[in-house]
Amino acid sequence: MGYLEEMLLKNGVIYRAPDGSKSYIEGSLLSNSLVIRNSSGWVTHRIERASNGVDLIVRNVSTGLVETRIAA
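Residues numbered from 1 in each chain as written. Predicted model: local features only at pLDDT ≥ 70, side-chain atom pairs only at ≥ 80, totals over all residues. Heavy atoms only, no water.

Focus: the confidence of the model for the protein chain
The following threshold applies: Residue-level confidence of the predictor is summarised by pLDDT, bounded by 0 at the bottom and 100 at the top. In this description a helix means any DSSP run of H or I spanning at least four residues, a strand means any run of E spanning at least two, and both kinds are numbered starting from the N terminus.
Within the protein chain, residue pLDDT values average 82, and 92% of them lie at 70 or more. The secondary-structure element of the protein chain with the lowest mean pLDDT is strand 1 (residues 24-28), recorded at 76, while strand 4 (residues 56-60) shows the highest, at 91.

Printed below as a string of structure tokens:
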């Protein structure tokens, strides 16, 4: 997940705090997608396939809005 993690760090979706806490990417079996969890373990974003079937979108769980798109 190196490239994906780099893009999400650059866009501010995941973070690494100075105290060592960080958000992280995890696979989700129920929704067949990737999720981003904060340092407390709460799901903050979902990474899904875009409507074109190639790109990825990062959707905020609380608002339902797409925050960023990652071109393949």
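Right, picking up where we left off after that structure.
Quick notes on the side chain of His 45
The condition is simple: The definition of a polar contact used here is a pair of N or O atoms within 3.5 Å, where within protein one atom must be able to donate a hydrogen and the other to accept one, and adjacent residues in sequence count solely through side-chain atom pairs. When checking whether two residues touch, look at their non-hydrogen atoms; a contact exists if any pair is within 4.5 Å.
Relative to the helices and strands, His 45 resides in strand 3 (residues 43-49). There is a polar contact of 3.0 Å between the side chain of His 45 and the side chain of Glu 67. When sequence neighbours within four positions are dropped, the list of residues in contact with His 45 reads Val 13, Leu 34, Val 35, Ile 36, Val 58, Arg 59, Asn 60, Val 61 and Glu 67.

Remarks on the pattern of salt bridges
Between side chains of opposite charge, a pair can form as their charged atoms come close. We apply this condition: Throughout this description, the term salt bridge denotes a Lys or Arg side-chain nitrogen within 4 Å of a carboxyl oxygen of Asp or Glu. Type-normalised accessible area, obtained with a 1.4 Å probe on protein chains alone, sets the label of each residue: buried when under 20%, exposed when over 50%, and partly exposed for intermediate values.
Under the criterion given, the structure shown has three salt bridges. Glu 26 is paired through a salt bridge with Arg 37; the nearest N and O atoms lie 2.7 Å apart. Of this pair, Glu 26 sits in strand 1 while Arg 37 sits in strand 2 (residues 33-37); the two residues are eleven residues apart in sequence, bridging distant segments of the chain. In this structure Glu 26 comes out as partly exposed when scored by relative accessible area, which is 28%.

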